[in-house]
Amino acid sequence: MTGLVIVGHGTRSAAGVDQFAALVERVRRRGDVADVEGGFIELSRPPLTDAVGALVARGHRAVVALPLVLTAAGHGKGDIPAAMGREQQRHPGLTYRYGRPLGPHPLLHDALEQRIDAALAGADHTDTAERAGTWVALIGRGSTDPDANAEVAKVARLLWEGRGYAGVEPGFISLAQPSVPAVLERLRRLGARRIVVAPYFLFAGVLPDRIVAQSAQFAAAHPDLDVRVAEVIGDCDALADLVLERYAEALGGDIRMNCDTCAYRVLMPGFADKVGRPQRPHDHPDDPVGGHHHQHHHGHDHHHDHGSVAVVGGGPGPDDLITVRAKALLDAADVVVVDRLAPQGLLAGLRPDVLVIDAAKVPRGPSMSQDAINAALVAHARAGRRVVRLKGGDPYVFGRGHEEVLACRAAGVPVSVVPGVSSAIAAPALAGVPVTHRGVAHDVTIVSGHLPPGHPDSLVDWAALARARGTVVLLMAVDTIAKIATVLIEHGRAPDTPVLAVQDAGLPHQRSVPARLDEIGAVAAREGIGPPAVFVLGPVAALTSTGPTN
């Protein structure tokens, strides 16, 4: 006798929890399965452990665990199997077969069609002419898994084929692009006058509510458009039919998982960090993991509401030198904690509801402490928000990025790092200087000049640096460049070594000031070189071919 445990993700929406429970009851009433329970991996009651425990208590030693998720992202691929593995440890002898996610199934397409037509007609039917003049924006959850996002695009195409709509465009409400406003704007530019926004969600929740709000905001700004929002799929016979079909597949060993484009198994461009990533279950607040147990309510704030932190390198300053991945995370962010040297122009393109926290460390001016920055990252992520820590250059090149990563990890907050273009390389390049060049320089050393030579906290071996023949790039050295030059010359660097100071690299007011090593202190003071500035010294500094110079 094989029971069925239907595994939901969980939601802060009471309506969503009720719809999930109604579906479980609908499947139970069908009588096609010996025993049925439903539970959540996080956020909502009952937790998965209660559902499995109930089946075990009734004598089931074998179950089918069916992930009630539309696309096979991290929850379906890792979180739920990891949670079931934990249940096997709790119940020795328990075996389970894992069903595949619901996927792009015709039953769901038919349900989506019915929701779209109901929104379109406001009644139980719609005619061909109305469909022909209607564009559909199919909005999925959004994921950091490209395979899951691609499935939403596939559903959009399948929904379009043969149904007579003017077109169906996919979009996402979180973590991926294009966003809801971006999709609506695209359809508007394509000439749409009537748009139905179709949430590709099973049940009510925070994200479907956000789709409604963003659609209403766009419609208010474009009164010439007829924008309507369809209902979620919800508890219905079609969904129950699909659950039972997936249950039968699992019993027969036919799960047909797609591993060809799974970012956890295959190196996908831009997602190399996912390959082989270990999976672990969520800690549900009603699951006494590790001996703790506490009551849960919908307002409870815990660590696993998909809050996350991305420590992002914004590049050397210009808005268009940020990486594609960094820009996508910024567009999806709920909170942006920004440095003074990060590309400030990008802040103007954030959604109006994004919280921007100024974490500037101004020399001899206002400064947010590192402890306060770390605390802000953790607090907002724990509140379920997507946090981007936007830094100038690269977060690991004198950016204290790893300190922030360690603070997040210590707090149990998911954190990732997006490299950026460091000004140590970019500033010389933008001034026409290669930091290495065949026959001229085969090595480059990047040095923090915020502490002068001789300072007890300095970790730089200035004597060894003076003996080197390659390129030296100095960051944060505006106040110390004269002392650095003197010590380098004292330890053997030639006084006539070319030096180039590059200020405000990449910005319209960028300027480059050349000098000899024995003159750079005086020249920098006379020319008023101020931060942010980069000093590049060595034979390559004489190779300047482009960029503004004084």
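Values in this document were obtained by computation on a predicted structure and should not be read as measured data.

Asker: Explain unusual backbone geometry to me, and be specific about the residues and the numbers.
Answerer: Cis peptide bonds are those with omega within 30 degrees of zero, and the linkage from Arg45 to Pro46 qualifies with 0 degrees. Tracing the backbone shows Pro46 in the loop between β2 (36-40) and α2 (48-57). Cis geometry is found at the peptide bond from Pro531 to Pro532, where omega equals 0 degrees. Phi at Phe398 is positive, roughly 55 degrees, even though this residue is not glycine. Structurally, the position occupied by Phe398 is in the loop between β12 (386-391) and α12 (401-410). Residue class for Phe398 comes out partly exposed when judged on its relative accessible area of 40%.

Asker: Provide a residue-level description of the sheet that holds strand β1 (residues 2-8), including the pertinent values.
Answerer: With parallel pairing, four strands are arranged side by side in an open sheet as β2-β1-β3-β4. Each end of this open sheet is capped by a strand with a single partner; those strands are β2 and β4 (95-98). The sheet shows a mean angle of 30 degrees between the axes of neighbouring strands, direction not considered. Relative to β2, β1 runs parallel, the two sharing five bridges. Counterpart to Ile6 in the pairing with β2 is Gly38.

Asker: Provide a residue-level description of the packing of helix α4 (residues 106-121) against helix α6 (residues 146-160), including the pertinent values.
Answerer: Relative to each other, α4 and α6 sit at 70 degrees, their axes nearing to 10 Å. By the angle class used here, α4 and α6 are roughly perpendicular. The hand of the α4/α6 crossing is right-handed. The segment α4 lies against α6, with His109, Leu112, Glu113 and Ile116 engaging Val155, Leu158 and Leu159. Among the residues making up the contact of α4 with α6, the classes are represented as five nonpolar, one polar and one charged.

Cut-offs used in this document
Residues numbered from 1 in each chain as written. Predicted model: local features only at pLDDT ≥ 70, side-chain atom pairs only at ≥ 80, totals over all residues. Heavy atoms only, no water. Helix = DSSP H or I, 4+ residues; strand = E, 2+ residues; numbered from the N terminus. Buried < 20%, exposed > 50% of the residue type's maximum accessible area, 1.4 Å probe, protein only. Pairing = 2+ DSSP bridges. Axes fitted to C-alpha atoms, helices over the stretch in contact; angles between N-to-C directions. Parallel < 35°, antiparallel > 145°, perpendicular 65-115°, else oblique. Left-handed = near helix turned anticlockwise from the far one by under 90°. Contact = heavy atoms within 4.5 Å. Nonpolar A, V, L, I, M, F, W, Y, C, P; charged D, E, K, R; others polar.

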